Amino acid sequence: MLANFDFSVITSALPYLFFDGMRFTLTLTALAALGGIALGTLIAMMRLSGLPVIPLVAKTYVNLFRSLPLVLVIFWFYFLVPYLGQWVTGADRPMTVGAFTSSLVTFTLFEAAYFSEIMRAGIQSIPKGQAAAAQALGMTYWTSMRTVILPQVFRNMTPILLTQTIVLFQDTSLVYVLSITDFLGAASKIAQRDGRLVEMYLFAAVVYFAVCFLASLAVRRLQKKIAIIR
Amino acid sequence: MNYNWNWGIFFEASPEGTGTYADMLLSGLAWTIVTALCSWVIAFLLGSLIGVMRTLPNRAANAVGTAYVELFRNIPLLVQMFLWYFVLPEVLPDEWGSWLKQLPNAPFYTAVLCLGFFTASRVAEQVRAGIQSLPRGQKMAGTALGLTVGQTYRHVLLPNAYRIILPPLTSEFLNNLKNTSVALTIGLLELTARARAMQEFSFQVFEAFTAATILYVVINVVVIFISSWIERRVAIPGSR
């Protein structure tokens, strides 16, 4: 079968694959990573706070999302977001939500659970003297977090956050279950239209491998550069 | 909210004619558990082998182990699933390809192999981390006692390494179990697939997915419980 491997299927579909598919994947990855890190940092701070109920809420959130498969969460939010939109805006019927918005909400909330564990480990690894010194200088909790603790956490955790972003990049391929046209979805549509499954799936695998492998090499180099000698 | 709640839907007969919706979900649960266990056997054995290969003094073994891990970690699981299910029968010789395509329960065997090889790469990383976290003196002491490399691994390094990595290995087992849901794309009727089918037949979206969610959470709790029991049983006395 590899004898009649047809490259022209791949080359003629390149614009569609990259401008439609890969653009969706990269946009979703970037926005979900930023949103996930922001929300994850908040959840980590909630979990480490000394307030009464809030740590329990954060812990339940993280444990719930970490025990569910991403495919199930994708289905959940695909049906839930229109109803949430209706509840939030007070409309009289569920809001129409596009595929991109639904996936963005799903991936941001799902990855926030994983990012929050990374940020929690990061915050806990900062020496207690830092927070104590900030308090001694008269800073409030939020000021000390913003100017003293979190900058150090982000610097220390950047390689791990980037690695989790690469995992997120791979996970976005699962929007296939909603027939959304991300990179894998685009490759699959071309494959089914032209009857060339072998070429398109192998090409998709090669592209994903190249992107993830190069990205992990870059993260390793970055890690060596920013490592602080203690 | 114009959604009609109907929690009694679980006791109504499903259009497939094989029982109630609850039976459908439980059959999905059974397939999930069986797929997870079978693929874990492959993942654990193969992953331990690859992890050990990465720590051996032999450079060829290191290279093979590293190549395996990099290959299976950098391709998304769904793409790997498609390669196993759609591409493999096409690139094999014709009779084998035809036999594969006509195999009953082909999605199950494909999912088990795919998940086994994928999770093996992650288990390999854990095993490697466990072995490398041991003091260097352990391997040296094995050599000093006249043990071969194999004997050192069998009697000195691996027993310690496995006890150290039991918590992350439990995590990997749970990841493997959650990844069985990806097999719904190739037609394996596991729990998420059955919940989706129930949603499509009955339009009771939130009841179906709530049931699936509760079942996954229960499995997680049970697995963590069993893992803590194993950890206590195999702990070396005096090491905690």
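The structure presented is a predicted model; accordingly, all values stated were derived computationally and were not measured.

## What about the overall build of chain A?
For chain A, the count of helices and strands is eight helices and zero strands. If you list the helices and strands of chain A from N to C, you get α-α-α-α-α-α-α-α. The principal-axis extent of the C-alpha atoms belonging to chain A is close to 70 × 55 × 25 Å. Put simply, chain A has 230 residues, and 37% of those count as buried.

## Focus: the environment of Ala134 of chain A
Residues and elements named next belong to chain A. In this fold, Ala134 is placed in helix H5 (residues 128-136). Judged by the 18 C-beta atoms lying within 10 Å of it, Ala134 falls in the partly exposed class. Sequence-wise, Ala134 and Ala112 are 22 residues apart; in three dimensions their C-alpha atoms are separated by 27 Å.

## A closer look at the packing of helix H8 (residues 197-226) of chain A against helix H3 (residues 77-91) of chain B
Interaxial distance between H8 of chain A and H3 of chain B falls to 9 Å at its minimum, and their mutual angle equals 140°. Between H8 of chain A and H3 of chain B, the angle falls in the class oblique. Relative to H3 of chain B, H8 of chain A is oriented so that their crossing is left-handed. Counted together, Leu197, Val198, Tyr201, Leu202, Ala204, Ala205 and Tyr208 of chain A of H8 of chain A and Val79, Phe82, Leu83, Phe86, Val87, Glu90 and Val91 of chain B of H3 of chain B form the full contact between these two elements. Residues belonging to the contact of H8 of chain A with H3 of chain B are distributed by class as follows: 13 nonpolar, no polar and one charged.

## Considering the interface of chain B and chain A
With 29 residues of chain B in contact, the opposing surface of chain A contributes 29 residues. Broken down by element, the side of chain B that touches chain A gets its largest block of residues, eight residues, from H3 of chain B. Here the residues of the side of chain B that touches chain A sort into 18 nonpolar, seven polar and four charged.

## So, the confidence of the model for chain B
Summing up the model confidence of chain B, the mean pLDDT is 93 and the portion of residues at 70 or higher is 99%. Interface confidence for the predicted complex, given as ipTM, is 0.91, next to a pTM of 0.92.

## Remarks on the packing of helix H1 (residues 7-48) of chain A against helix H6 (residues 141-171) of chain A
Residues and elements named next belong to chain A. Across the interface, H1 lies against H6 with an axial gap of 11 Å and an inter-helix angle of 135°. It follows from the interaxial angle that H1 and H6 lie oblique. Considering the relative orientation of H1 and H6, their crossing is right-handed. Listed contacts from H6 to Thr29, Ala32, Ala33, Ile37 and Met45 of H1 are Met145, Leu161, Thr165, Leu168 and Phe169. In the contact of H1 with H6, the residues fall into eight nonpolar, two polar and no charged.

## Let's talk about helix H5 (residues 106-132) of chain B
Helix length check: H5 of chain B, at 27 residues, gives a terminal C-alpha distance of 39 Å against a target of 39 Å (1.5 Å per residue), a fit within 8%. The buried fraction of H5 of chain B amounts to 21 of the 27 residues, a majority that puts the element mostly inside the structure.

## Some details on the environment of Met200 of chain A
Residue and element names in this part refer to chain A. With respect to the secondary-structure elements, Met200 resides in helix H8. Sequence separation between Met200 and Leu174 is 26 residues; the distance between their C-alpha atoms is 17 Å. Those residues in contact with Met200 that lie beyond four places of it in its chain are Val9, Ala187, Ile190 and Ala191.

Scoring rules and cut-offs
- Residues numbered from 1 in each chain as written.
- Chains lettered and ligands numbered in written order.
- Predicted model: local features only at pLDDT ≥ 70, side-chain atom pairs only at ≥ 80, totals over all residues.
- Helix = DSSP H or I, 4+ residues; strand = E, 2+ residues; numbered from the N terminus.
- Buried ≥ 20, exposed ≤ 12 C-beta atoms within 10 Å, placed from the backbone.
- Axes fitted to C-alpha atoms, helices over the stretch in contact; angles between N-to-C directions.
- Parallel < 35°, antiparallel > 145°, perpendicular 65-115°, else oblique.
- Left-handed = near helix turned anticlockwise from the far one by under 90°.
- Contact = placed C-beta atoms within 7 Å.
- Nonpolar A, V, L, I, M, F, W, Y, C, P; charged D, E, K, R; others polar.
- pLDDT = per-residue confidence, 0-100.
- Expected span 1.5 Å × (residues − 1).

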